[in-house]
Amino acid sequence: MAAGFASLAVDQQSPARICKVCGDKIGQKENGEVFVACHVCGFPVCRPCYEYERSEGNQCCPQCNTRYKRLKGSPRIPGDEEDNSDQEDFDDEFQIKNRQNDSDGRQHENVDFNHQQWQPNAQAFSVAGSTAAGKDLEGDKEIYGSEEWKERVEKWKVKQERRGLLSNDNGGNDLPEEDDYLLAEARQPLWRKVPIASSLISPYRIVIVLRFIVLAFFLRFRILTPAYDAYPLWLISVICEVWFAFSWILDQFPKWFPIRRETYLDRLSLRFEREGEPNQLGAVDVFVSTVDPLKEPPIITGNTVLSILAADYPVEKVCCYVSDDGASMLTFDSLAETAEFARRWVPFCKKHNVEPRAPEFYFNEKIDYLKDKVHPSFVKERRAMKREYEEFKVRINALVANAQKKPEEGWVMQDGTPWPGNNTRDHPGMIQVYLGSAGALDVDGKELPRLVYVSREKRPGYQHHKKAGAENALVRVSAVLTNAPFILNLDCDHYINNSKAIREAMCFLMDPQFGKKLCYVQFPQRFDGIDRHDRYANRNVVFFDINMLGLDGLQGPVYVGTGCVFNRQALYGYDPPVSEKRPKMTCDCWPSWCCCCCGGSRKKSKKKGEKKGLLGGPLFSKKKKMMGKNYVKKGSAPVFDLEEIEEGLEGYEELEKSSLMSQKNFEKRFGQSPVFIASTLMENGGLPEGTNSTSLIKEAIHVISCGYEEKTEWGKEIGWIYGSVTEDILTGFKMHCRGWKSVYCVPKRPAFKGSAPINLSDRLHQVLRWALGSVEIFLSRHCPLWYGYGGKLKWLERLAYINTIVYPFTSIPLLAYCTIPAVCLLTGKFIIPTLSNLTSIWFLALFLSIIATGVLELRWSGVSIQDWWRNEQFWVIGGVSAHLFAVFQGLLKVLAGVDTNFTVTAKAAEDTEFGELYLFKWTTLLIPPTTLIILNMVGVVAGVSDAINNGYGSWGPLFGKLFFAFWVILHLYPFLKGLMGRQNRTPTIVVLWSILLASIFSLVWVRIDPFLPKQTGPILKQCGVDC
């Protein structure tokens, strides 16, 4: 009996194992042992994932690829007959309520187990033996009629019978009820990992290792065999190659563990949208930021807002905030028109379930819009809606036309009062609330999501921090007005292309275990209006479909600035919740002195923890704690000052209260707004009871004042981080350093779509801005090379962040390496001495490994070879132009305080499809690539001419030089096409600069090494005597 008790104690205190597929805890079998799915490698997988993999997956272990054997209590599937299992445990498989058993003891055991299995409040994901697959339920009950629903349940029963889960014996008394079916489905995981097949990823990893080995031997050969006749060129080339190897390691190894994820929207509805109960989905505040309506057309911003208001999500759970950082009356008026049009557009979208729900892109889609449409009035209503949208566009165009010329006395609103934002650099804060529960209803009399216009206060002498400052203002305004626990961040030109995108994110963020540790869910960026060949790699397919999948297998993808759903608590600078660790195993049969050391240490650490209190040390320490948020009562009295906050904590330990309230840094950290401070302590969101809209609007105006952030941690530890034009990378990096995780969600239908510059000059300036932000981070205290080593950032994740801030510096060796082929052709020298057979093998192995890596990468990712090649080409184009300028501009800005801007002069575009693609805009970024093209072309001509003059023996060494020269020209070919344009005409200034620089190099070569053969021996001169 004692031994049995000791064994039971050990089992209860054994450390919990985590499922590597869904992240849930692995449960125990009936005998108390930990569930093990694969007895070959022991890869940790929970019972529901094991059952799903057997019934719906490839029936193999994700790690060792061994076929799963049928375990006790599992349904039979085709192929189980091959196993040498004589057990017939059908009684144990059918774990259904109200099952009758012959044995009383057996009945008692099954009743206990079934109570644990079907209890609604039991811990999620711990169902053992439940095999209702998520794909069996493609929609919830609401979208089916009663007869259709019954027929669907019957089909499910038949499918379960085929699997061996149900039996038709005893007149069908053992069939589960409909509620059991729904409950079993709702308790399944909301998402699952889909690992890359081992047949695809294993060869890829092997080739990476082989390439690393070959690269090491190649560099060894290059360093130990210098070219003495061209020593400077050899030295420069070796330095460049070493840097390229380092850059490849930074880029390659974070892609070692790529994964994909799959969500189950039907289970999300079953779990949080139960019939007859309040909707439990998390509320979402959506941020849309815009600055200049003349550069960011109001019709595009309006389409983004309309797609948000029409999203497939409960209307009371969505609130859209539009930040107008330019304080433009045009944006204000166009938003009012958008709110009015939304009253007709939103019910049309939800009635007919149209996609996408941005009208501009819906009506322009070249597809069969009648597909899957069965409503008789659809065609008639679509025609009417298209006509109304065209009228809406005309009204917006009229507002834009009127805004072209500003009156001398400034803009005046409809009531005759001057527009507060007439001076865009000196104006008060403005907030206007449209729609919502207190606003206008749609044409069907139903409520619409709330729409809020926000323009923060601006005054001379204050630093406003551009987009990052505007986003932080929206964080505070939304916390005061709605305080949703989740935030969706979108650019004004990124509309919701998949109406269920928010639900996709909720499958991760509302996961009871994994969701609490997530800081954000990042979606890939997809674009409209890009030319078919994607000449300048605008889609960034390699980054979004390869690099981001690799990061998702580590600590999560980086934040890319838009299409991201945040956990609000992560933006407040809090640490993620720490999983409780079970105490170490102890045994009562050992004397107490055997465990005194362990016990003493545990007691000592516990006392130390008590001394720290709730906040874990000073509030301004580098490791921010939860700041007592777990100790705040939900639904407490109205909270308007710190005294009332303290009163709201009645009933808690005096130590906890004193520890929390002794921190006077609440206001120093978050700013002087008691309402906002109270909202930060509400982990699940929501507003304090007893608040009214008038007082909240006044408080919202206060939190967007220009001096609110002074002497606080906004932009330092809270919200979007300041200090770089690429605030997105910096913000995500800070969250990962605190230990948060992120998730990359790639739904089948793209969640969001936006626009990208297809013009060469605009594209280069976009890349210049990104590279400049990386250089600023590199020169700041937040550089991943030295920041956050005491935190919880994984090493491979750190390598990925290092790669994001050092890649602009690759431009310097890249420019030198692209110049070397031309110099070699002009001087007749080469960076590599004569090759032996062994060294030729290393060269060949290196090129083959590069090709194999690319091919296998495309194989597991599904990226096309055209997208991969465009990415390689633009890596060279951007590297020798935008990245190079970013390095020098960043150094001048950070070290010397000189802010250099590169201006773009626009010309008229052609009125044709993709006319902007052929539009030329002069910029200094075009000079280096143009010079390289001309220089290499001149080198090719000079090299061939020299070989012709010197005879057959000089053609052998020429091929190596020509190979590198053509490598440069091929990579710069899209740039050359962009220069030539549709009429094959290049602007004079580009030709002048390029010919000038190329001529200088050519004349230097002519002076050093002319075509004439060199004369050997004594110099003979004519004596002048007529012999």
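Bear in mind that the values here come from a model prediction, so they are computed numbers and not experimental data.

1. Topic: the sheet that holds strand β8 (residues 495-496)
Phase 1 of the analysis: Strand order in the open sheet made by the 3 strands is β8-β13-β10, with mixed pairing throughout. Where the open sheet ends on each side, the last strands, each with one partner, are β8 and β10 (526-528).
Phase 2 of the analysis: Summarising the sheet, β10 and strand β13 (residues 752-755) pair through 3 bridges and their orientation is parallel. Bridged to aspartate 528 within β13 is serine 755.

2. Observations regarding the pattern of salt bridges
Phase 1 of the analysis: Tallying each qualifying case throughout the model produces 28 salt bridges.
Phase 2 of the analysis: The closest approach of N and O atoms between aspartate 325 and arginine 456, which form a salt bridge, is 2.7 Å. Of this pair, aspartate 325 sits in the loop between β4 (318-324) and α11 (329-352) while arginine 456 is found in the loop between β6 (450-455) and α14 (466-481), placing the two residues 131 residues apart along the sequence.
Phase 3 of the analysis: Aspartate 325 gets classed as buried once you look at its relative accessible area, which sits at 8%.
Phase 4 of the analysis: Of the residues examined, arginine 456 reaches a relative accessible area of 9% and is grouped as buried.
Phase 5 of the analysis: Among the salt bridges present, the one from glutamate 340 reaches arginine 343, with a minimum N-O distance of 3.0 Å. Residue glutamate 340 and its partner arginine 343 are located together in helix α11, separated by 3 residues, close to a single helical turn.
Phase 6 of the analysis: Of the residues examined, glutamate 340 reaches a relative accessible area of 35% and is grouped as partly exposed.
Phase 7 of the analysis: Residues participating in the shared-partner salt-bridge network are Glu273, Asp312, Lys500 and Arg503.

3. What about the UniProt feature "transmembrane region" (unreviewed entry) in the protein chain?
Phase 1 of the analysis: When the UniProt feature table is mapped to this numbering, "transmembrane region" (unreviewed entry) covers residues 202-219, 231-250, 805-828, 840-862, 874-896, 917-938, 958-976 and 988-1008.
Phase 2 of the analysis: This span, residues 840-862, is 96% helix and 0% strand, and a straight line between its end C-alpha atoms measures 33 Å.

4. Concerning the nonpolar core
For soluble globular proteins, the rule of thumb is that nonpolar side chains tend to be buried together.
Phase 1 of the analysis: In this structure, Tyr321, Val477 and Phe566 are the most contacted members of the largest nonpolar core, which totals 122 residues.
Phase 2 of the analysis: No other element matches the 9 residues that helix α7 (residues 198-224) contributes to this core.
Phase 3 of the analysis: If we skip the residues at most four places from it in the chain, phenylalanine 566 touches Pro485, Phe486, Ile487, Asn489, Cys519, Tyr520, Tyr559, Leu571, Trp720 and Met735.
Phase 4 of the analysis: Val284, Ala403, Leu435 and Cys745 belong to the second-largest nonpolar core, a separate cluster that totals 70 residues.

Conventions adopted
- Residues numbered from 1 in each chain as written.
- Predicted model: local features only at pLDDT ≥ 70, side-chain atom pairs only at ≥ 80, totals over all residues.
- Heavy atoms only, no water.
- Pairing = 2+ DSSP bridges.
- Helix = DSSP H or I, 4+ residues; strand = E, 2+ residues; numbered from the N terminus.
- Salt bridge = Lys/Arg side-chain N within 4 Å of Asp/Glu carboxyl O.
- Buried < 20%, exposed > 50% of the residue type's maximum accessible area, 1.4 Å probe, protein only.
- UniProt positions renumbered as here; feature names shortened; annotations may be inferred.
- Core = buried A, V, L, I, M, F, W, Y, C linked by side-chain atoms within 4.5 Å.
- Contact = heavy atoms within 4.5 Å.

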